[in-house]
Amino acid sequence: MISFASEVKNELARGEGDGECCRRAELAALLKTGATMTLGGRSGPGLSFSTENAAVARRVLRLLKDEGAITTEITVSRALRLKKNTRYEVRIPPQPAVGRMIEELELLPGSAPTPGRGFLKRSCCEVAYIRGAFLSAGSVNRPGAGYHLEFVSTSYQYAEFLLNLAEKLSLPARLTDRKEFYIVYVKEADAIADFLNMVGAEQAAEKLEISRNVKEVRNQVNRLVNCETANLQKTADAAARQLNAIRQLTGEGKAALPEKLQETLEARLANPDASLTDLAEILGITRSGVNHRLRKIVEMAENM
Ligand SMILES: [Zn+2]
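Residues numbered from 1 in each chain as written. Predicted model: local features only at pLDDT ≥ 70, side-chain atom pairs only at ≥ 80, totals over all residues. Heavy atoms only, no water.

(A) Broad picture of the overall build of the protein chain. Each helix and strand in the protein chain was counted, giving 12 helices and 8 strands. Taking 304 residues into account, the globule formula puts the C-alpha radius of gyration at 19 Å, and the protein chain, at 34 Å, lies well above it. The principal-axis extents of the C-alpha atoms in the protein chain amount to approximately 115 × 40 × 35 Å. Looking at the 304 residues of the protein chain, the share that counts as buried comes to 40%. Within the protein chain, contacts between residues separated by at least 24 positions form 62% of all contacts whose residues are at least 6 apart in sequence. Carbon and sulfur atoms form 50% of the exposed surface of the protein chain, whose accessible area is close to 17,300 Å². In the protein chain, which carries 42 positive and 38 negative side-chain charges, the distance between the mean positions of the two groups comes to 5 Å. (Helix = DSSP H or I, 4+ residues; strand = E, 2+ residues; numbered from the N terminus. Rg over C-alpha atoms; globule rule 2.2 N^0.38 Å. Buried < 20%, exposed > 50% of the residue type's maximum accessible area, 1.4 Å probe, protein only. Contact = heavy atoms within 4.5 Å. Areas by Shrake-Rupley, 256 points an atom, 1.4 Å probe, with all protein chains shown as cover. Lys, Arg positive; Asp, Glu negative; His and termini not counted. Charge placed at Lys NZ, Arg CZ, Asp CG, Glu CD.)

This is the structure in structure tokens:
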């Protein structure tokens, strides 16, 4: 079964392209998080973008095309071992244009893009950038498996940059580390749904919302059942208290009770497990009438 994260990525990667400014921002994020520099001797460096998602690889190719005359190659490495996924590699062989891209898209290793400038000047581009980062370095849990969305980076500086970008986009993100990786993550279901809607994964966002509602209803039912159980327990406790009191009323004490109370007392003794509603039916009076009489009996028994 395809993971929810892949589902989200497929939806995003197949989504309509944005304006030119945003396409650049998204490409910058995809390459920053998913590409490595390759050495190219005299013709300068090359780039190699790697992903397990075919739709993401196609999107990178499409975005590279917008950058002008850049030669690209795509290779697919099939899984040779179990549990290893197919990898798609988009290679940009060494060529003069790569140097310019590395500079303009701020791809140099050990650096993070400058907020508020270049491809991060507009807020539409900030959204496109974080979409690109998610496509290459992001993951999200299946609805119902605990709410968690994350971006993984090997650089603390870059993780911090993503954290700030997320905060700027009103996502309550946090930063932690796991082995040699830095993780920027979001735990709130609302925020994850907002993120998915914001970057254009509306179907995925809806799936999450539906599963949330189901979960909420289930929680409500559980609360009601618990409440009902608590009430039953209360009823049982009250009945036990009454029976104790009533059993102490013997002979004279009992005879001293008004007829109506005696009648109620007999009904209670004969039906120790009955609820007030049941007793009301047996005695042909209201529930609150039964309650009142029983309280009276307990009171008298305790006073004797
Ligand atoms: Zn834009």
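(B) Fine view of the coordination of the zinc ion. Taken together, Cys21 (SG), Cys22 (SG), Cys124 (SG) and Cys125 (SG) make up the full set of protein donors to the zinc ion, lying 2.3 Å away. Sequence spacing of the donor residues for the zinc ion, all on one chain, is C-C-x101-C-C. With cysteine 21 in helix α2 (residues 20-34) and cysteine 124 in helix α5 (residues 123-137), this pair connects stretches of sequence that are 103 residues apart. On the basis of relative accessibility, which here comes to 28%, the residue cysteine 21 falls in the partly exposed class. Taking the relative accessible area as the measure of exposure, cysteine 124 reaches 35% and is therefore partly exposed. (Donors = N, O, S within 2.8 Å, 3.2 Å for Na, K, Ca; no water.)

(C) Structural view of helix α1 (residues 4-13). By the criterion of burial, α1 is predominantly enclosed, with 8 of the 10 residues buried. Within the span of α1, buried status applies to Phe4, Ala5, Val8, Lys9, Asn10, Glu11, Leu12 and Ala13. Those residues of α1 hidden inside the fold are in contact with α3 (54-66), α5, β5 (138-140), α7 (189-199) and α8 (202-248).

(D) A look at the nonpolar core. Counting 69 residues, the largest nonpolar core has Val8, Leu31, Tyr129, Ile130, Phe151, Phe195 and Leu196 as its most contacted members. Among the elements that take part in this core, α5 stands out by supplying 8 residues, more than any other. Ignoring any residue separated from it by four or fewer positions in sequence, one finds leucine 31 in contact with Leu47, Phe49, Met101, Leu105 and Leu107. Listed in part, the 17 residues of the second largest apolar core include Ile246, Leu276, Leu283 and Val290. (Core = buried A, V, L, I, M, F, W, Y, C linked by side-chain atoms within 4.5 Å.)

(E) A look at the domain arrangement of the protein chain. By the assigned domains, the protein chain splits into domain 1 (4-200) and domain 2 (224-303). Here the C-alpha centre of domain 2 lies 71 Å away from the C-alpha centre of domain 1. (Domains from an automatic or database assignment.)

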